[in-house]
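Chain and residue survey
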Amino acid sequence: MARFDDLAAFAAVVRAGSFTRAAAQLGVSQSALSQTVRALERRLDLKLLNRTTRSVSPTEAGERLYQTVGPRFADIEEELAALGEMRGRPAGTVRITATEHAVKTHVWPRLQPWLPKYPDIKLEISSDNRFTDIVAERFDIGVRLGADVAKDMIAVRMAPDMQTVVVGSPDYFARHPQPRTPQDLGEHDCIGRRLPTHSGLMNWEFRHGGKNVNVQVSGRLAFNNSELIVAAALAGHGLAWVPNDLVREHVAAGHLVSVLDDWAVTFPGYHLYYASRRASPALALVVDALRYQDAPVGA
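Described in the following lines is the structure provided in the data block.

Parameters at a glance
Residues numbered from 1 in each chain as written. Predicted model: local features only at pLDDT ≥ 70, side-chain atom pairs only at ≥ 80, totals over all residues. Heavy atoms only, no water. Axes fitted to C-alpha atoms, helices over the stretch in contact; angles between N-to-C directions. Helix = DSSP H or I, 4+ residues; strand = E, 2+ residues; numbered from the N terminus. Parallel < 35°, antiparallel > 145°, perpendicular 65-115°, else oblique. Contact = heavy atoms within 4.5 Å. Nonpolar A, V, L, I, M, F, W, Y, C, P; charged D, E, K, R; others polar. Buried < 20%, exposed > 50% of the residue type's maximum accessible area, 1.4 Å probe, protein only. Phe/Tyr/Trp six-rings, centres within 6.5 Å; stacked < 30°, edge-to-face > 60°. Lys NZ or Arg CZ within 6 Å of the ring centre and 35° of its normal. Pairing = 2+ DSSP bridges. Polar contact = N/O pair within 3.5 Å; in protein donor to acceptor, adjacent residues only side chain to side chain. Salt bridge = Lys/Arg side-chain N within 4 Å of Asp/Glu carboxyl O. Core = buried A, V, L, I, M, F, W, Y, C linked by side-chain atoms within 4.5 Å.

A short note on the packing of helix α2 (residues 19–26) against helix α3 (residues 30–44)
Relative orientation of the contacting elements α2 and α3 amounts to 105 degrees, with a least axis distance of 9 Å. Put simply, α2 runs roughly perpendicular to α3. Counting all contacts with α2, which are made through Phe19, Thr20, Ala22, Ala23 and Leu26, the residues of α3 involved are Gln30, Leu33, Ser34 and Val37. Its residues assigned to classes, the contact of α2 with α3 comprises six nonpolar, three polar and no charged.

Description of the side chain of Glu124
Position of Glu124 relative to the elements: it lies in strand β4 (residues 121–127). The contact partners of Glu124, leaving out residues within four places of it in the chain, are Gln25, Val94, Arg95 and Ile96.

A word on unusual backbone geometry
Although it is not a glycine, Asp45 adopts a positive phi angle of roughly 55 degrees. Checked against the element boundaries, Asp45 lands in the loop between α3 and β1 (49–51). The exposure class of Asp45 is exposed, given its relative accessible area of 67%. The residue Leu260 is not glycine, and still its phi comes out positive at about 55 degrees. In this structure, Leu260 sits in the loop between β13 (257–259) and β14 (265–267).

Some remarks on the environment of Asn203
Looking at the element boundaries, Asn203 is found in the loop between β8 (192–193) and β9 (204–208). Apart from the residues lying within four places of it in its own chain, the contact partners of Asn203 are Asn214, Val215, Gln216 and Trp241.

What about the packing of aromatic side chains?
For the structure on display, the rule yields four aromatic pairs. Measuring from ring centre to ring centre gives 6.2 Å for Trp204 and Trp241, while their planes differ by 20 degrees; the resulting arrangement is stacked. With Trp204 in strand β9 and Trp241 in strand β12 (residues 240–243), this residue pair connects regions lying 37 residues apart in the sequence. Judged on exposure class, the residue Trp204 and its partner Trp241 are both buried. Summarising the aromatic geometry, the rings of Trp241 and Phe267 are spaced 6.5 Å apart at their centres and angled 75 degrees between planes, so their arrangement reads as edge-to-face. One end of the pair, Trp241, is in strand β12; the other, Phe267, is in strand β14, with 26 residues separating them in the sequence. Each member of the pair, Trp241 as well as Phe267, is classed as buried. An aromatic cluster is defined as three or more aromatic residues linked by ring pairs; in this entry it consists of Trp204, Trp241 and Phe267. Its guanidinium or amino end placed over the ring of Phe139, Arg95 lies 4.2 Å from that ring's centre, counting from NZ or CZ.

Side note on the sheet that holds β4
A sheet is described by the order of its strands in space; here five strands give the open sequence β4-β3-β5-β15-β6, paired in mixed fashion. Each of the sheet's edge strands pairs with one partner strand only, and the pair in question is β4 and β6 (153–157). Strand-to-strand, the axes of this sheet are offset by a mean angle of 25 degrees, without reference to chain direction. As judged from the two bridges shared by strand β3 (residues 92–98) and strand β5 (residues 141–145), these two strands associate in the parallel manner. Bridging across to β5, Thr97 finds its partner in Gly142. Most of the contacts of helix α5 (residues 100–114) go to β4, to which it runs at about 165 degrees, and overall it touches β3, β4, β5 and β15 (270–275).

A closer look at the side chain of His188
Following the sequence through the fold, His188 ends up in the loop between α6 (170–175) and β8. The exposure class of His188 is buried, given its relative accessible area of 8%. A polar contact of 3.1 Å, which involves the side chain of His188, links it to the backbone oxygen of Pro177. Once residues lying within four places of it in the same chain are set aside, the contact partners of His188 are Tyr172, His176, Pro177, Gln178, Pro179, Ser218 and Leu239.

Quick notes on the pattern of salt bridges
A complete count under the given rule lists seven salt bridges for this structure. Residues Lys104 and Glu227 are paired through a salt bridge, measuring 3.1 Å at the closest nitrogen-oxygen approach. Of the two residues, Lys104 is situated in helix α5 and Glu227 in helix α7 (residues 226–234); the sequence distance between them amounts to 123 residues.

Considering the pairing of β9
Judged from the five bridges that link them, β9 and strand β10 (residues 211–215) form a sheet pairing that is antiparallel. If you follow His208 over to β10, its bridge partner there is Lys211. Taking the residues that link successive antiparallel strands as the turn, the β9-β10 hairpin has two residues, and the phi of Gly209 there is positive, at about 60 degrees.

Re the nonpolar core
Core analysis: the largest hydrophobic core is formed by 43 residues, its most contacted members being Ile141, Val143, Trp204, Phe206 and Leu272. Sort the elements by how many residues they give to this core and helix α9 (residues 281–290) lands first, with six residues. Ignoring sequence-local partners within four residues, the contact set of Leu272 consists of Ile141, Gly142, Val143, Ile154, Ala155, Val156, Met158, Val287 and Leu290. Counting residues in each nonpolar core, the second largest holds 21 residues, with Phe10, Val14, Leu49 and Val69 among its members.

If you want it as structure tokens, here you go:
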């Protein structure tokens, strides 16, 4: 049995891409997990993982082993969860990947009060701003804006449409005139956003008179985290282009000023998506908890 345990530990590290995250998921110490994987490497007389101070990745041999055993452990977990259903209590682990904005504003606020109802369902929520292949990376649910997902996925609306706005602090506007058109942003210090899927900073998008306008902005600061962008704007370091729900209260309180409102663009709201072949009872319950209540059941 111990030999299966070390294979399961190895698969967890590869799936998580980190000893720290895998140890937290397994409920063991990082040092114990590392020792278990090293023991497996000694037993096989093969190096399975490349370790650096920042990341962990499988070697060629490790990737081959993971492709063999990883799906089998996932299938075993799903079967054990299915057996749990025979007790009349939904069980199993549901892994979710979503942007940090979606996690903060929709995923966690809905699932946090839902958790006590289903004590045998475990959740793993990964906050990641890149597009993720949920099948390849063994996630059960992915979240992205709009319903543009692969044909073999089921999409469910989980939020209303989202509007993005440009905001700045009163202190910033005491030193700079308010922009009247997106082209005026070239004269402003704009707080940029960088995503893993973009080689450069994101362009800011606007719509006016039926036409879409993309503006390449620049400034002294750039982040990949919405909360930091908002915090920088509140501190007067520049203009921010962010979802309206992140700054609505700050604008109402007078801590931020919204500009270019006539140019604000609205995006299709968040949708969750999942592979139809993996719709376990536990997954179905999570989907229902995240479903946008004003959307029809089939949406």
